[in-house]
Amino acid sequence: MSQERDGSRGRPSWMAGVKPGHSLTEVQPLSLLRLESVVKTYRDPMTLRPFTAVDGVSLTLERGEIFGLLGPNGAGKTSTIKMILGLTRPTRGLIRIEGRDPWDPDARRKLGYLPENPCFYDHLNAMEYLELVGSLFGIRAKTRRARAEALLQRLGLSAHARKPLRKFSKGMTQRVGIAQALLNEPNFLVLDEPMSGLDPIGRSDVKQLLREERERGTTILMTSHVLAETESLCDRVAILHAGRVLEVGTVKGLLSSVVEWEIGLESLPADRALALRAQGHRADAVGARWVVRVGSESALQGILRELVGAGIKIDSVEPRRESLEDHFVRALGASREGRR
Amino acid sequence: MTRTLAIAHNTLREVARERVVLVLALFGLMLLIGSQVLSPLALGEGRKVVIDFGLAGSSLLATLLCVFLGSSLLHQELERRTVYAVLAKPIRREEFLVGKFLGLWVTAAMLLAGMAVILLAVVTVAYHDTPWQVLGAVGLNLIELGIVTAVVVLFSSFTTPALTAFFAVAATVAGHFAEDLRYFASQGAPALRAMAEGAYWVLPHLDLFNARGLVVHGASVGMERILYAFSYGLLYVIGMLILAGAIFRRREFR
């Protein structure tokens, strides 16, 4: 049954006569992934002392977004991912994939997963491995063969389809890992360090592939140590430290604050440069130009007035925003300070 | 079922590509042909010696394959972390375990069946008579292999390869003497008797699957015995796999 929507109000047309607040309410679509106060505690097998790897993580992933899970080693990223995949159970809290417990195999039917530093059966070749993966998803033989061939071609592995996996380089293994994660045409991709082991061309190719998947409506949860790439790829990120979420938000939102202003100049007399440095600003010759870096907007106004008054031609004035890497380091630093 | 069969097929390919399988097969072949050397010493009983030697040898080699390759099969999956990518697919852990069991059992069964064919060929060529009754003994042996494989899968679901191999060998040896164990213990103190009674019911009654004595003397294995052994074997395997599944299901893959 088709449901025409009243676009102006975002409600189905058959609800037009129903006043808002009436007992008939619209049902919100389920979030693709929901984590509520998830805690994971392991016990040291020798001393039996508990160790909390994930400490009250709450996150929600919406459909069609690329979400980055960032954090230093031991922050709890992989532990969180393993619980999402049903490889471990949360000690406390709740995880739901489209409303289902990850332990339920049906919750993983449209999920693709790339492990960190993937390792596959080395007695198989790439095609055989993808055939095995296709069988595990219950995909028909003809379809899985066609998909496997297309994916190997897309990832530049067609020529190596019959080569044993044990002879694959790290980058090639990573690409097989991506192929197997996409074989079931997932609507949810979990990628643990997807750029690991790839050369610059491979990374660019995978980034393009992930953007195409997002266009197709796939939700992607990824971890990465390459923050510059995460910044350009992710819609939202969460920063994890010591098992806790320090920050979560859109990349734009997190990086909105201006850290300094850059004034581009054609020339700058030496005495003026010295004076600016004495005031605590940076003035550097960059090729034939000069760049003055100013920390605050109020100081910027004063310097601009001075420079114009001195007859110095101003080329450009640009805000420099924090990179994700800067933000990440600052957030972790603040967290560590707070814990002392 | 498709998923279980996919894991079984993969396990079969994994095990079959191990060099040790080829070594065992060659060793079995040499054993069967070598038994011909001993037959003149048997004073006209050469045919019996070849059949007895052949059946015992093939059973031993197939059991060794099950125990020593099977004990490291799950451990390797965890160590190489191949299991993470597989269990993140829509497969139940029990299906994975049953697939591993089937793959290992079929590989061992293929080794046993291959050696049985060679044994039949050797006896036919040497004595111009095909001992078809050997097939009954091999059939029982296949069921026994299923039990040994299930025991291996059970122990490998929670312990190390070395301990798995140790427990599986211990269970196999003790299983062949389950009746004797019960008899000797019945002569002892009440506490010992109760323990032995418990062990008797837990251990697989592997003697049930040994029909070599019968076959060597030209008798066939009755259908009633085969059906009884099959039912017992099936129940035992199911019990072992349910237990292994319950343990493996609780396992955390850190």
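Fair warning: this is a prediction, and the values are worked out from it, not measured in the lab. As a convention, each chain's residues are numbered from 1 in the sequence order in which they are written. Labels are handed out in written order, letters beginning with A for the chains and numbers beginning with 1 for the ligands. Local features are withheld for residues below a pLDDT of 70 in this predicted model, meaning they are given only at 70 or higher, and side-chain atom pairs are given and counted only at 80 or more; totals for whole chains, interfaces and linings count all residues.

Enquirer: It is not clear to me how the overall build of chain A should be interpreted in this structure. Could you clarify?
Expert: Counting its secondary structure elements, chain A contains 10 helices and 15 strands. Compactness check: chain A gives a C-alpha radius of gyration of 26 Å against a globular reference of 20 Å for 340 residues, more than 25% above the reference. Along the longest, intermediate and shortest principal axes, the C-alpha atoms of chain A span 75 × 65 × 50 Å. Split into buried and exposed, the 340 residues of chain A put 36% on the buried side. Throughout, a pair of residues is in contact if the C-beta atoms placed from their backbones lie within 7 Å. The contacts of chain A with a sequence gap of at least 6 include a subset with a gap of at least 24, amounting to 67%. Numbered from the N terminus, helices here are DSSP runs of H or I no shorter than four residues, and strands are runs of E no shorter than two. It is over C-alpha atoms that the radius of gyration is taken, and the globule rule equals 2.2 Å times the number of residues to the power 0.38. To assign burial, the other C-beta atoms lying within 10 Å of each residue's own C-beta are counted, with C-beta atoms placed from the backbone; 20 or more indicates buried, 12 or fewer indicates exposed, and intermediate counts indicate partly exposed.

Enquirer: Help me out: how do you make sense of the sheet that holds strand S15 (residues 314-321) of chain A in this one?
Expert: Consider a sheet: its strands pair through backbone hydrogen bonds, and that pairing is either parallel or antiparallel. All names here are of chain A. Two strands qualify as a pair provided that DSSP identifies no fewer than 2 bridges between them. Here we have 4 strands laid out as an open sheet, ordered S13-S14-S12-S15, and antiparallel in their pairing. Every interior strand has two partners, whereas the edge strands, strand S13 (282-286) and S15, have only one. Each neighbouring strand pair of the sheet contributes to a mean axis angle of 20 degrees, computed without reference to strand direction. Across 5 bridges, S13 lies against strand S14 (residues 289-294) in antiparallel orientation. Paired with Arg282 across the bridge in S14 is Arg293. Simply put, an axis is a line fit to the C-alpha atoms, just over the touching stretch for a helix, and the angle between two N-to-C directions goes from 0 to 180 degrees. Contacts from helix H9 (residues 297-309) reach strand S12 (258-265), S14 and S15 within the one sheet, and its direction differs from that of S14 by about 145 degrees.

Enquirer: Would you explain the pairing of S14 of chain A in this entry?
Expert: Look at any regular strand and the pattern is simple: side chains alternate between the two faces of the sheet. All names here are of chain A. Side chains Trp290, Val292 and Val294 project from S14 onto a buried face, and the interleaved Arg289, Val291 and Arg293 project onto a face without burial. Bridge analysis of S12 against S14 gives 5 bridges, and the strand direction is antiparallel. Among the inter-strand pairings, Gly264 is bridged to a residue of S14, identified as Val291. Hairpin connection between S13 and S14: a loop of 2 residues separates the two successive antiparallel strands, and Gly287 in this loop has a positive phi of roughly 65 degrees.

Enquirer: What is the right way to look at the sheet that holds strand S10 (residues 236-241) of chain A in this model?
Expert: Residue and element names in this part refer to chain A. Spatial strand order, S7-S8-S9-S5-S10-S11: 6 strands in an open sheet with mixed pairing. In the strand order of this sheet, the two ends are held by strand S7 (111-114) and strand S11 (244-250), each with one partner. The average undirected angle you get between the axes of adjacent strands in this sheet is 15 degrees. Where S10 and S11 come together, 6 bridges link them in antiparallel fashion. Along S11, the bridge assignment pairs Leu240 with Val245. Across the sheet, helix H1 (residues 77-84) is in contact with strand S5 (66-70), strand S8 (188-192), strand S9 (219-223) and S10; its angle to S8 comes to roughly 145 degrees.

Enquirer: Help me understand the interface of chain B and chain A in this model?
Expert: Note on interface size: it is often stated as the accessible area lost on association of the parts. Taken residue by residue, the interface counts 22 residues in chain B and 23 residues in chain A. Among the secondary structure elements, those contributing two or more residues to the side of chain B that touches chain A are helix H1 (2-16) and helix H4 (82-87) of chain B. Here the element with the most residues in the side of chain B that touches chain A is H1 of chain B; it accounts for 6 residues. Side-chain classes are defined by residue name, with Ala, Val, Leu, Ile, Met, Phe, Trp, Tyr, Cys and Pro counting as nonpolar, Asp, Glu, Lys and Arg as charged, and the others, Gly among them, as polar. Residues that form the side of chain B that touches chain A fall into these classes: 9 nonpolar, 3 polar and 10 charged.

Enquirer: Could you clarify how one ought to interpret the domain arrangement of chain A in this entry?
Expert: As used throughout, domain bounds are those supplied by an automatic or database domain assignment. As far as domains go, chain A holds domain 1 (33-254) and domain 2 (258-322). Between domain 1 of chain A and domain 2 of chain A, the C-alpha centre-to-centre distance is 45 Å.

Enquirer: Can you walk me through the packing of H1 of chain B against helix H5 (residues 93-127) of chain B in this structure?
Expert: A packed helix pair is summarised by two numbers, namely the angle formed by the two axes and the spacing between the axes. Residue and element names in this part refer to chain B. Following both chains from N to C, one finds H1 and H5 inclined at 40 degrees, their axes separated by 7 Å at the closest point. In this view, H1 runs oblique relative to H5, as classed from their interaxial angle. Viewed along their axes, H1 and H5 form a crossing whose handedness is right-handed. Only Glu95, Phe96, Val98, Gly99, Lys100, Leu102, Gly103, Leu104, Val106 and Thr107 of H5 make contact with H1, whose side of the interface consists of Arg3, Thr4, Ile7, Ala8, His9, Asn10, Thr11, Leu12, Val15 and Ala16. For the contact of H1 with H5, the residue count by class is 10 nonpolar, 7 polar and 3 charged. Any angle that is under 35 degrees is reported as roughly parallel, and any over 145 degrees as roughly antiparallel; angles of 65 to 115 degrees are reported as roughly perpendicular and all others as oblique. Should the near helix be turned anticlockwise from the far one by less than a right angle, the crossing is termed left-handed; should it be turned clockwise, right-handed.

Enquirer: How should I be thinking about helix H6 (residues 134-156) of chain B in this particular structure?
Expert: Along an α-helix, residues three or four apart share an orientation, since each turn contains 3.6 residues. The first and last C-alpha atoms of H6 of chain B sit 32 Å apart over 23 residues, in line with the 33 Å expected at 1.5 Å per residue. Burial of H6 of chain B is extensive: 20 of the 23 residues sit out of reach of the surface. Take the number of residues in a helix, subtract one, and multiply by 1.5 Å to get its expected span.

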